[in-house]
Amino acid sequence: MEPPKGFRASVLRFCIFLPYFIGLLFLGFIKGIVLCPLVCLVVTIGNSAVILSLLPVHFVWTFYSIVRAKQIGQILKFFLCLCLPAAIILWLVLGILASVLGGALYGLLSPIFATFDAVGEGKPYPFFHCFYDGTWSTVKRSFTVVRDFKDVCFHSYFSLMDELRICCPDQKHYEIRLLQLPGALVVSALGILVDLPLITFVAICKSPYMLFKGWHRLFHDLIGREGPFLETMCVPIAGLVILLWPLAVVGAVLGSVVSSIFLGAYAGVVSYQESSFYYGLCFVVASVSIYDEYSTDILDMPEGSCFPRPKYREKETESTAFSGPIPRLGSVKNTGSTKEGSVKVPMIDIKPLDLLDSLFVECRKFGEVLASKGLINSQDIEGPRSGKCNQVISIGLPAYALLHEVLRSVKANTTGLLLSDGVTELTTKNRPKDVFFDWFLHPFLILKEQVKATNLSEEEEEYLGRLVLLYGDSERFKNSYAESASPTLTERKRAELDAFARRIQGLTKTVSRYPTFRRHFVDLVKKLLEDLDHNHGGSVKEEGSITEAPAPVKIFSRMFSKSQRSFRRKGSINGSDQETRKGVSRSVHIV
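Residues numbered from 1 in each chain as written. Predicted model: local features only at pLDDT ≥ 70, side-chain atom pairs only at ≥ 80, totals over all residues. Heavy atoms only, no water.

### Brief notes about the side chain of Asp148
Here is step 1 of the chain: With respect to the element layout, Asp148 can be found in helix α4 (residues 136–165).
Here is step 2 of the chain: In contact with Asp148, not counting residues within four places along its chain, are Pro515, Thr516 and Arg519. (Helix = DSSP H or I, 4+ residues; strand = E, 2+ residues; numbered from the N terminus. Contact = heavy atoms within 4.5 Å.)

See the structure below:
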């Protein structure tokens, strides 16, 4: 649908659209009022049950992991153990309150947005869907939210605790310098007392500018059909943004007030890091200027600040989160260059969950191929179904798919990452503005450039793929080359490939802690088991004969099994564990 041309046509289209928009908003609000109590009840009861049932396990296992962590010093361990009961109580209170508030907001807003989305351009039966969409789907997704929350509290939690207890050679050793603590605490208190009123004052003074500038920009885009109003399906949602913009301004002011507490408390961190009470006081003064410059940049106001900004670091070799104003990539003053770049490199309309879905599609495809080669067997697939932890499927297979994503991009000589369709390229310029991409895209781009500089052959790519897949199982890795000769590699090349394997496995571990990862992983195991059963003529167990262990049984079996492995590790250093570390985990950094 083409945007209207001329001022009169634009005003006429706006007058026709306004009653239509108000009607949809009223309908969505009614559905939200009806579903809000039910969804809030489901999310609150489900998440609260998960928190309360796992609370003793979290307390005991966190205490055990802190005590067993080798990269944490004794004084810091003692301090963390003292603070652990308060942290557990805080987690209990905040978790339940966040479940109540999050469930209420989700139950209210999800039907509203679904109502607007139902009348988008190209949608069939819009009259029926504007009433039906956002009703039953919201209730089903509320149960999905509880399931994902359970996966985070169980699987992601144990993954983080395992990483805490495992000591790698390249990890830093953390300890508390007791002599610096009193001064750091005093500076943190002073920072909160100074920054809280000053930053609140600055935020309140800039809030009217943010309100009217935002309305001016949104109405300008609405009349001219630019920005969020360019696509017809986005017009209702963008119109809702106009009405809710004052709430966004209030939220920004409240966020600034809350952030001022942490920004002021960070002065104690600066004082502790620099071992100087003076530098901590300097950051207390400079933090107000940092916030002023940051908010000025966000609002596209003239650069600079009227607040002083003394030097608070003895040596600032690289930019940090508090080292200066952020670059104006999306500012109004750079509108010309931004528009020009947006034509050459359009934004990709893709969400993190879409990438996660495509990742598991690739996992299933590679899983079938690797199962036919014998690199993945039925025990690898049946293990996760029976509650056992199998690194080949849970970490190795997703890491193998991500490795081929990187290799595909290297062979195509692309700037970013080439997705599985072979056409879409994800770069830093056209990536969606989700925090997910900030966390994971940049490390993969660095890894891609490192692999590209290494110039791997096909044999070396196959070697790296098996190394990533088998996840440190040196005996099984050697057996995978029983029928074919292993490629001849120099000591340097072998160290580089080992470093690549560890790097991509670490990135995959981080991705595996994403809330929806476990749910997709369970579906992947079911599909792989069905494919393996179909291809091998029932050589594996039937699906009904594989039952997943109850949650309490999995919890205590996991705790006792890991405790036994940690106590046995001391007696097996010269055995298979040493061979595994020697064959796979070499301490080599690729710069």
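Let's pick the thread back up.
### Structural notes on a nonpolar patch on the surface
Here is step 1 of the chain: Residues Val186, Leu190, Leu193, Val194, Leu198, Phe277 and Leu281 make up a contiguous nonpolar surface patch of about 560 Å² in total accessible area.
Here is step 2 of the chain: Where the nonpolar patch is concerned, the elements lending two or more residues are α5 (181–224) and α7 (277–298).
Here is step 3 of the chain: Here the nonpolar patch takes 5 residues from α5, the largest share from any one element.
Here is step 4 of the chain: By the element assignment, Phe277 lies in helix α7. (Patch = residues over 30% accessible without salt bridge, like charges linked within 9 Å, V, L, I, M, F, W, Y side chains within 5 Å. Areas by Shrake-Rupley, 256 points an atom, 1.4 Å probe, with all protein chains shown as cover. Salt bridge = Lys/Arg side-chain N within 4 Å of Asp/Glu carboxyl O.)

### As for the packing of helix α13 (residues 458–470) against helix α15 (residues 491–512)
Here is step 1 of the chain: In the contact formed by α13 and α15, the axes pass within 9 Å of each other and the chain directions differ by 45 degrees. What the angle tells us is that α13 and α15 run oblique. α13 and α15 meet at a crossing whose hand is right-handed. Between α13 and α15, the residues in contact are Glu460, Tyr463, Leu464, Leu467 and Val468 and Lys493, Arg494, Leu497, Asp498, Phe500, Ala501, Ile504 and Gln505, respectively.
Here is step 2 of the chain: Per-class residue counts for the contact of α13 with α15 are 8 nonpolar, 1 polar and 4 charged. (Axes fitted to C-alpha atoms, helices over the stretch in contact; angles between N-to-C directions. Parallel < 35°, antiparallel > 145°, perpendicular 65-115°, else oblique. Left-handed = near helix turned anticlockwise from the far one by under 90°. Nonpolar A, V, L, I, M, F, W, Y, C, P; charged D, E, K, R; others polar.)

### A few points about the packing of helix α11 (residues 391–412) against α15
Here is step 1 of the chain: α15 packs onto α11 with a crossing angle of 115 degrees between their chain directions and a minimal axis gap of 9 Å. Put simply, α11 runs roughly perpendicular to α15. In terms of crossing hand, the pair formed by α11 and α15 is right-handed. Note on element contacts: α15 touches α11 through Ile504, Gln505, Thr508, Lys509 and Ser512, opposite Ile395, Pro398, Ala399, Leu402 and Leu403.
Here is step 2 of the chain: When its residues are assigned to classes, the contact of α11 with α15 shows 6 nonpolar, 3 polar and 1 charged.

### Examining the environment of Met210
Here is step 1 of the chain: Mapped onto the secondary structure, Met210 falls in helix α5.
Here is step 2 of the chain: Here Met210 falls in the buried class, since its relative accessible area comes to 19%.
Here is step 3 of the chain: Remark: the alpha-carbon pair of Met210 and Ala248, spanning 38 residues in sequence, is separated by 9.6 Å.
Here is step 4 of the chain: Other than its neighbours up to four places away in sequence, Met210 contacts Trp245, Ala248, Val249, Ala252 and Leu299. (Buried < 20%, exposed > 50% of the residue type's maximum accessible area, 1.4 Å probe, protein only.)

### A look at the pattern of salt bridges
Here is step 1 of the chain: Here the structure, examined in full by the defined rule, presents 14 salt bridges.
Here is step 2 of the chain: The salt bridge involving Asp292 is made with Lys206; its shortest N-O contact spans 2.5 Å. Here Asp292, found in helix α7, pairs with Lys206, found in helix α5; they are 86 residues apart in sequence, far enough to count as distant.
Here is step 3 of the chain: For Glu405, the salt bridge identified is with Arg408, shortest N-O distance 3.0 Å. In this pair, Glu405 and Arg408 are both assigned in helix α11, 3 residues apart and thus about one turn of the helix distant.
Here is step 4 of the chain: Assessed through its relative accessible area of 14%, Glu405 is described here as buried.
Here is step 5 of the chain: Residues joined by salt bridges that share partners form a network here, namely Glu362, Lys365, Glu405 and Arg408.

### Some details on the environment of Pro246
Here is step 1 of the chain: Position of Pro246 relative to the elements: it lies in helix α6 (residues 235–274).
Here is step 2 of the chain: Along the chain, Pro246 and Met210 lie 36 residues apart, while their C-alpha atoms are 9.3 Å from each other.
Here is step 3 of the chain: Look past the residues within four positions of Pro246 in its chain and what remains in contact with it is Leu211 and Trp215.

### Concerning unusual backbone geometry
Here is step 1 of the chain: Here Ser275, not a glycine, exhibits a phi torsion of approximately 55 degrees, which is positive.
Here is step 2 of the chain: Note that Ser275 resides in the loop between α6 and α7.
Here is step 3 of the chain: A relative accessible area of 40% places Ser275 in the partly exposed class.
Here is step 4 of the chain: In this model, Asn455 sits at a positive phi of 60 degrees, which is unusual for a non-glycine residue.
Here is step 5 of the chain: Relative to the helices and strands, Asn455 resides in the loop between α12 (435–454) and α13.

### Let's talk about the packing of aromatic side chains
Here is step 1 of the chain: Applying the stated criterion across every chain, the model contains 12 aromatic pairs.
Here is step 2 of the chain: Ring centres of Tyr157 and Phe158 lie 5.4 Å apart, and the angle between their planes is 70 degrees; on these two criteria the pair is classed as edge-to-face.
Here is step 3 of the chain: Taking the relative accessible area as the measure of exposure, Phe158 reaches 1% and is therefore buried.
Here is step 4 of the chain: An angle of 80 degrees between the planes, with centres 5.4 Å apart, marks the rings of Phe366 and Tyr400 as edge-to-face. Of this pair, Phe366 sits in helix α9 (residues 352–373) while Tyr400 sits in helix α11, placing them 34 residues apart in sequence.
Here is step 5 of the chain: Ring-pair connections join several aromatic residues into one group, and the members of that group are Trp61, Tyr64, Phe154, Tyr157 and Phe158.
Here is step 6 of the chain: In this structure, Arg177 packs its charged tip against the face of Tyr272, placed 4.3 Å from the ring centre.
Here is step 7 of the chain: Positioned above the aromatic ring of Phe366, the side-chain terminus of Lys365 is 5.2 Å from the ring centre. (Phe/Tyr/Trp six-rings, centres within 6.5 Å; stacked < 30°, edge-to-face > 60°. Lys NZ or Arg CZ within 6 Å of the ring centre and 35° of its normal.)

### Topic: α11
Here is step 1 of the chain: Look at α11: 30 Å from first C-alpha to last across 22 residues, which is about the 32 Å you get at 1.5 Å a residue.
Here is step 2 of the chain: Of all the 22 residues making up α11, 17 are buried; the element is thus mostly covered by neighbouring parts of the structure.
Here is step 3 of the chain: Backbone geometry just downstream of α11 places Asn413 in the positive-phi region, at approximately 55 degrees. (Expected span 1.5 Å × (residues − 1).)

### As for the nonpolar core
Here is step 1 of the chain: Within the largest apolar cluster, 51 residues are counted, with the highest numbers of intra-cluster contacts made by Ile376, Leu397, Phe444, Val451, Leu464 and Leu469.
Here is step 2 of the chain: Every element with two or more residues in this core is listed here: α9, α11, α12, α13, α15 and α16 (517–535).
Here is step 3 of the chain: A total of 11 residues in this core trace back to one element, the largest contributor, which is α11.
Here is step 4 of the chain: Non-local contacts of Ile376, meaning those with residues more than four positions away in its chain, are made with Gly367, Leu370, Ala371, Ile381, Val392, Ile393, Leu397, Leu469 and Arg476.
Here is step 5 of the chain: Ranked by size, the runner-up nonpolar core spans 15 residues in total, among them Val187, Ile199, Val284 and Ala286. (Core = buried A, V, L, I, M, F, W, Y, C linked by side-chain atoms within 4.5 Å.)

### Section: the confidence of the model for the chain
Here is step 1 of the chain: Residues with a pLDDT of 70 or more make up 71% of the chain, whose mean pLDDT is 76.
Here is step 2 of the chain: Low pLDDT, under 50, characterises residues 317–346; the predicted model gives this stretch 33 contacts beyond four residues in sequence or across chains.
Here is step 3 of the chain: Taken together, the stretch residues 538–591 has pLDDT below 50 and engages in 76 contacts with residues farther than four places along the chain or on a different chain. (pLDDT = per-residue confidence, 0-100.)

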